Amino acid sequence: MKKLLAALASSVFFLSAAMAQTVPAPTIAGKSWLLLDATSGQIIASQDPDARIEPASLTKIMTAYLTFSALREKKLSLDQKVNVSVRAWKVDASSSKMFIDPATPVSIDDLLHGLMIQSGNDAAVALAEAVAGDEGTFVVLMNREAQRMGMKNTRFANPHGLPSPDNYSTAQDLSVLAKRVIADYPEFYKIDSVKSFTYNKITQPNRNRLLWLDPTVDGMKTGHTEAAGYCMIASARRPSASGERRLISVVLGTSSDQARTQESQKLLNWGFQNFDTVKLYSKGQAVATPEVWKGSKSTVKIGFANDVLVTVPKGMAAKMKPVLERKDPLVAPLPQNAPVGKLKMVVDGKTLLELPVVALEPITEASIFGRAWDSMRLWLK
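Read on for a plain summary of the structure. All values reported here derive from a predicted model rather than from experimental measurement. (Residues numbered from 1 in each chain as written. Predicted model: local features only at pLDDT ≥ 70, side-chain atom pairs only at ≥ 80, totals over all residues. Heavy atoms only, no water.)

## Section: the overall build of the protein chain
1) Next: Along the backbone of the protein chain there are 11 helices and 18 strands.
2) Next: In terms of overall dimensions, the protein chain has a C-alpha envelope of 85 × 45 × 35 Å along the principal axes.
3) Next: Counting all 381 residues of the protein chain, 51% fall into the buried class.
4) Next: Long-range contacts, defined as pairs at least 24 residues apart, comprise 66% of the intrachain contacts of the protein chain with a sequence gap of at least 6.
5) Next: Carbon together with sulfur atoms contributes 53% to the accessible area of the protein chain, which is approximately 17600 Å² in total.
6) Next: Taken as two groups, the 46 positive and 36 negative side-chain charges of the protein chain have centres that lie 5 Å from each other. (Helix = DSSP H or I, 4+ residues; strand = E, 2+ residues; numbered from the N terminus. Buried < 20%, exposed > 50% of the residue type's maximum accessible area, 1.4 Å probe, protein only. Contact = heavy atoms within 4.5 Å. Areas by Shrake-Rupley, 256 points an atom, 1.4 Å probe, with all protein chains shown as cover. Lys, Arg positive; Asp, Glu negative; His and termini not counted. Charge placed at Lys NZ, Arg CZ, Asp CG, Glu CD.)

Shown next as structure tokens:
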């Protein structure tokens, strides 16, 4: 299965390279940026996606993810009250806070709203302590989860993103994290769409200005430090001919709050206006039924282990023609999901992408007489 996923990933790269020649990427005023189609899992366009950056408050997305995990596992509950430590209360006074107080226990629900809406650094510390007991242990969990997700160029040093030389990431890695939050915890992700939150009689607006400007944007997170510049991850859902699509934009290192908002909106609009995501094949759909030699059955259904969705420039999907290349002869035993060839999608004689094709059913060996007969047939072929 790992080899199959790797093959799918390489085909996406091939597709992206072909698209780059068709639709010019937009000019985005940021140090690095990336646009991900979360529906297909495909990166549509990017600039310096692996450049190391300071993630600032985008760090809090991982803090939220681990808290969501603790809630799912019933280690915490939304209405659970936790005490506020002096460490959480005294977090950098000049930074964003939700203004919790050691004298007043606070619910996990309020802390999550304070984290994602108000970007409270005090909320980040309080949640870290609630989940893991202390900040240091929580940071270990953050880095362990980052590695599990495949965020190879990321390291976390704290739960809030205040400057540290040991707190860094990339646009590529942050897009992975953003996609996982939405896919794994949709019931909690909706917190991101709340436009303001009041705690301790102080009302603060969500820093994500796109919530007011674009009704299709339903959340994610902003961040800012002097070194990081103004950063934003935004996600939007819009209808398309083949169903609803979700795009995730990551824009890092812009010059102002206004700039990160404008550039994120520009990137999302460009992706929706110039590309479609289409379903080429369904999981388990047979694309051919070739002959099998020395098997308990004479044929095998071949196709794809998962739905195949791809993001392509508008109008290109209708031009794509499938060309199947098999690893003939197919000889039993043939396990289910065994690679048996590849399907090329061709446009105007050029290969746009290649997809791994697998056996959709297991084929066991035939009897000794059946194998002997097929051996003779193969020899004569």
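## Observations concerning the nonpolar core
1) Next: Ranked by internal contacts, the top residues of the largest apolar core, which has 61 residues, are Met-62, Ile-100, Ile-108, Leu-111, Ile-233 and Leu-252.
2) Next: Here the element with the most residues in this core is helix α2 (residues 60–72); it accounts for 8 residues.
3) Next: The contact partners of Leu-252, leaving out residues within four places of it in the chain, are Gly-30, Lys-31, Ser-32, Ile-53, Leu-58, Thr-170, Ala-171, Leu-174, Tyr-230 and Cys-231.
4) Next: Counting residues in hydrophobic clusters, the runner-up holds 26 residues, among them Val-278, Val-292, Val-300 and Met-345. (Core = buried A, V, L, I, M, F, W, Y, C linked by side-chain atoms within 4.5 Å.)

## Structural notes on the sheet that holds strand β17 (residues 339–347)
1) Next: The 5 strands lie next to each other as β11-β13-β18-β17-β15, forming an open sheet whose pairing is antiparallel. The sheet is open, and its two borders are formed by β11 (286–288) and β15 (321–326), each paired with just one other strand. (Pairing = 2+ DSSP bridges.)

## With respect to the packing of α2 against helix α4 (residues 108–116)
1) Next: Axis separation between α2 and α4 bottoms out at 10 Å; the angle between their running directions is 160°. For the element pair α2 / α4, the angle class is roughly antiparallel. For the pair α2 and α4, the crossing hand works out as left-handed. Along its contact with α2, which presents Lys-60, Ile-61, Thr-63, Ala-64, Thr-67, Phe-68 and Leu-71, the element α4 presents Ile-108, Leu-112, Leu-115 and Met-116.
2) Next: Per-class residue counts for the contact of α2 with α4 are 8 nonpolar, 2 polar and 1 charged. (Axes fitted to C-alpha atoms, helices over the stretch in contact; angles between N-to-C directions. Parallel < 35°, antiparallel > 145°, perpendicular 65-115°, else oblique. Left-handed = near helix turned anticlockwise from the far one by under 90°. Nonpolar A, V, L, I, M, F, W, Y, C, P; charged D, E, K, R; others polar.)

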